[in-house]
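Observations on the three-dimensional arrangement
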Amino acid sequence: MTGSVRDPLLQVRDLTHHYGRQLGCRDVSFDLHPGEVLGIVGESGSGKTTLLKCVSGQLQPTDGSVSYRTRDLGPVDVYGMSEARRRLLMRTDWGIVYQNARDGLRMKVSAGANVGERLMAIGDRHYGHIRSEAVDWLERVEMDMGRIDDMPGTFSGGMQQRLQIARNLVTKPRLVFMDEPTSGLDVSVQARLLDLIRGLVRSLGIACIVVTHDLGVVRLLSHRLMVMKGGQVVEHGLTDQVLDDPQHPYTQLLVSSILPV
Amino acid sequence: MTSVIPHPNASVATSAAPVRLAGYNFAYLDEQTKRMIRRALLKAVAIPGYQVPFGSREMPLPYGWGTGGIQVTAAVIGPDDVLKVIDQGADDTTNAVSIRRFFAKTAGVATTDRTVDATVIQTRHRIPEVPLTENQILVYQVPIPEPLRQLEPREAETRKMHALEEYGVMHVSLYEDIAKFGRITRSYNYPVRVNGRYVMAPSPIPKFDNPKMDRMPALQLFGAGREKRIYAVPPYTDVKSLDFEDHPFEIETWEEDCSLCGAEDSYLDEVIVDDKGTKMYVCSDSDYCRERREAGHQGDGGPK
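Notes on the structure follow. These numbers were taken from a predicted model, which means no experiment stands behind them.

The rules behind these values
Sequence order as written defines residue numbering, which begins from 1 separately in each chain. Note on labels: chains are lettered from A, ligands numbered from 1, in written order. Only residues with pLDDT of at least 70 are given local features in this predicted model, and only at 80 or more are side-chain atom pairs given and counted; all residues enter the totals for whole chains, interfaces and linings. Just so you know, side-chain values use all the structure's heavy atoms and leave hydrogens and water out. Only DSSP runs of H or I covering at least 4 residues are called helices, and only runs of E covering at least 2 are called strands; the numbering of each starts at the N terminus. What the globule rule says is 2.2 Å times the number of residues to the power 0.38, and the radius of gyration is computed from C-alpha atoms. Type-normalised accessible area, obtained with a 1.4 Å probe on protein chains alone, sets the label of each residue: buried when under 20%, exposed when over 50%, and partly exposed for intermediate values. Contacts: residue pairs with any heavy atoms within 4.5 Å of one another. Polar contacts, as used here, are pairs of N or O atoms within 3.5 Å; protein pairs need one atom able to donate a hydrogen and one able to accept it. Residues neighboring in sequence count only if both atoms are side-chain atoms. A quick way to say it: buried area is the sum, across both parts, of accessible area lost when two parts are put together, with a 1.4 Å probe. In what follows, salt bridge is the name for a side-chain nitrogen of Lys or Arg lying within 4 Å of a carboxyl oxygen of Asp or Glu. When residues are sorted by character, Ala, Val, Leu, Ile, Met, Phe, Trp, Tyr, Cys and Pro go into the nonpolar class, Asp, Glu, Lys and Arg into the charged class, and all the rest, Gly among them, into the polar class. Residues enter a nonpolar core if they are buried and are Ala, Val, Leu, Ile, Met, Phe, Trp, Tyr or Cys, with the set joined through side-chain atoms within 4.5 Å. Side-chain rings of Phe, Tyr and Trp, where Trp is taken by its six-membered ring, are said to pair if the distance between their centres is within 6.5 Å; with planes under 30 degrees apart they count as stacked, over 60 as edge-to-face, and otherwise as tilted. Only residues whose relative accessible area exceeds 30% and that form no salt bridge enter a patch; like-charged residues are grouped when within 9 Å of one another, and nonpolar side chains (Val, Leu, Ile, Met, Phe, Trp, Tyr) when within 5 Å. Here the accessible surface of atoms and residues is derived via Shrake-Rupley with a 1.4 Å probe, and residues count as covered only by protein chains that are part of the display. In summary, the charge assignment counts Lys and Arg as positive and Asp and Glu as negative, without counting His or the chain termini. By convention, the point assigned to a charge is CZ for Arg, NZ for Lys, CD for Glu and CG for Asp. When DSSP finds two or more bridges between a pair of strands, those strands are recorded as paired. Every angle, taken between N-to-C directions, lies between 0 and 180 degrees, and every axis is a line fitted to C-alpha atoms, over only the stretch in contact when it is a helix.

The next point concerns the overall build of chain A. A count of helices and strands for chain A gives ten helices and ten strands. Against the globule reference of 18 Å for 261 residues, chain A gives a C-alpha radius of gyration of 18 Å, in line with a compact fold. For chain A, the spread of C-alpha atoms along the principal axes amounts to about 55 × 50 × 40 Å. Put simply, chain A has 261 residues, and 54% of those count as buried. Long-range pairs, those at least 24 residues apart, make up 66% of the contacts in chain A between residues at least 6 apart in sequence.

Rendered as structure tokens:
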């Protein structure tokens, strides 16, 4: 492994993206260290998802750089590397959990095959091994083993989300991107999923970037927090600090908008 | 060339001196089109298993009946060639008869049923049982050239997957078979890897024929008319069927032998012979079966 634990895993500098004349996000810079969970919050249209797509290699930014510390070569510019290498990185060392499980799962193959796909993509050709890894990971995300050969379409929303997580973690990634992982789920399922994600992220030491509009999610999951508005980061700090003592007027508004139960 | 048996159905000349009508080009297609197809073929041979796009022409038969194969044959056939056409292994099925007559008429070439006499063999769904030689070309009719199509509907994405050798998803489909049925149940159009690089659809031949493609001395050309793709396997090229280490590739086997010729090593068709479901098994390769019977081999004659 190149670099020490103190070196950042991901370095984002002056990231800007325009959709034609429309601003996506502007001048975003941050570092992410191994095992760290970064929350990104903001209202709809504030540029959260654009930022996540740019950082996760899915959308080439108009300007700025994204540098990832690979296992073999050290820090590498994500958009400077060949597409083959970037795609390999995305399906081995990274994971992406989508808001809509249908975007992240292969709906026409069984749950077991969904989990095993990444292993087969990196050259595992032993059915028994793939199968046992799939069983192991489905257990770790608390799925019923009787459903391993069922299609994801027959699963509930919470199960689909857990399957997506298992599918991403099977190659033991170091960095996972999550785009609104809990939205669209009811609160009890949300709580269980958050508990699961928190446990997995802590025990495996995975660095994580979580985009959400739900402040409860970031309070539970993330160490640090970025607040976005109009495509820009307006506040940045430790999660508890930002939520308990918001400085920017927009953050104050956001925090005060949480409905008390 | 040895003895050539004129086809009984072919009323047109199959003799050495073909009758050509003035104003019509040899083998139906115009020379520019043939050049275009030959260029695609050269590229396909240079990159084994790679699907080369080509400007497929409208042919006087419907898509799905061999428009791709017929264009490839028209581009490679010469006046001295001897053509054999098979459909599901048989020379006497509608598709085979009409394509054979088409070339007898438009190119005036000799046609034959005998595999060993043919220089160009156009096929649908089978590879002949008799091993082919360096002097032969095998032309396949292909309905769906893209092996990844069932798993990835986007053409742009499948091209990228081929370019970057991202073939893991192919194994996902085989995994599904084993998870559901305990073994790989895919029995035709079984995906192969050509020359260690491109994953290729071998056209809907039974997987029984897959091992014949490996290091075959004959040139293998594939034409997909509707999909406008040509690909090829040059002679003596590695063609490996995909599998898992603990679930290796296997071909079909039968407990029965051919009822007519007694062959134990050929691909058998199940034929229902009465209303009670009585069945017999016969060679799907009709030429192979006849040759064996002419050489004195005999089966049990089927159910009495």
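Moving on from the coordinates now.
Right, let's get into helix 7 (residues 286-294) of chain B. Residues and elements named next belong to chain B. When helix 7 is considered as a whole, its buried residues turn out to be Asp287, Tyr288, Cys289 and Arg292. The inward-facing, buried residues of helix 7 contact strand 2 (82-87) and strand 12 (279-283). Capping of helix 7 at its N-terminal end is provided by Asp285; its side-chain oxygen lies 3.2 Å from the backbone amide nitrogen of Asp287. A positive phi of about 100° marks Gly296, the residue just after helix 7.

Listed as interface residues are 21 residues of chain A and, on the opposing side, 20 residues of chain B. Of the roughly 1,900 Å² buried at the junction of chain A and chain B (both faces included), carbon and sulfur atoms supply 58%. The largest share of the area that chain A buries against chain B comes from Arg87, Arg125 and Tyr127 of chain A, three residues that together contribute 38% of it. Taken together, the links from chain A to chain B amount to four salt bridges. Where chain A packs against chain B, one counts 13 residue pairs in polar contact (both at pLDDT 80 or more). Those elements that provide at least two residues to the side of chain A that touches chain B are helix 2 (83-92), helix 4 (111-121) and helix 5 (127-140) of chain A. In terms of residue count, the dominant contributor to the side of chain A that touches chain B is helix 4 of chain A (five residues). Split by residue class, the side of chain A that touches chain B holds eight nonpolar, four polar and nine charged.

Let us now look at the nonpolar core. Residue and element names in this part refer to chain A. With 34 residues, the main nonpolar core has Val115, Leu163 and Ile165 as its most contacted residues. A per-element tally of this core places helix 7 (residues 187-204) first, with six residues. Setting aside its immediate chain neighbours within four residues, Ile165 contacts Val97, Val141, Leu193, Ile197 and Leu200.

This brings us to the packing of aromatic side chains. When we look at a pair of aromatic rings, we describe it by the centre distance and by the angle of the planes. Counted by the stated rule, this structure contains 13 aromatic pairs over all chains. Ring centres of Phe102 of chain B and Phe103 of chain B lie 5.1 Å apart, and the angle between their planes is 85°; on these two criteria the pair is classed as edge-to-face. Take Phe102 of chain B: its relative accessible area is 14%, and that puts it in the buried class. Taking the relative accessible area as the measure of exposure, Phe103 of chain B reaches 0% and is therefore buried. Plain terms: the ring middles of Tyr190 of chain B and Phe249 of chain B are 4.8 Å apart, the flat faces sit at 65° to each other, and that makes the pair edge-to-face. Of the two residues, Tyr190 of chain B sits in the loop between helix 5 (168-181) and strand 6 (192-194) while Phe249 of chain B sits in the loop between strand 10 (239-241) and strand 11 (268-272), which places them 59 residues apart along the sequence. A connected cluster of aromatic rings, assembled from ring pairs, spans Tyr68, Trp94 and Phe177 of chain A.

Residues and elements named next belong to chain B. Side chains of Glu255, Glu256, Asp257, Glu264, Asp265, Glu270 and Asp300 sit close together on the surface and give a patch of like negative charge. By the secondary structure assignment, Glu270 is in strand 11. According to the relative accessible area criterion, Glu270 is partly exposed, its value standing at 46%.

This part covers the sheet that holds strand 10 of chain B. Residues and elements named next belong to chain B. Strand order in the open sheet formed by three strands is 7-6-10, with antiparallel pairing between adjacent strands. On the outer flanks of this sheet lie strand 7 (198-200) and strand 10, each paired with one strand and no other. Shown here is a sheet whose adjacent strand axes are inclined to one another by a mean of 35°, direction ignored. Sheet topology places strand 6 next to strand 10; three bridges connect them, and they run antiparallel. By the bridge assignment for strand 10, Val192 is matched with Ser241.

In short, the description is geometric, and any link to function would need to be established separately.
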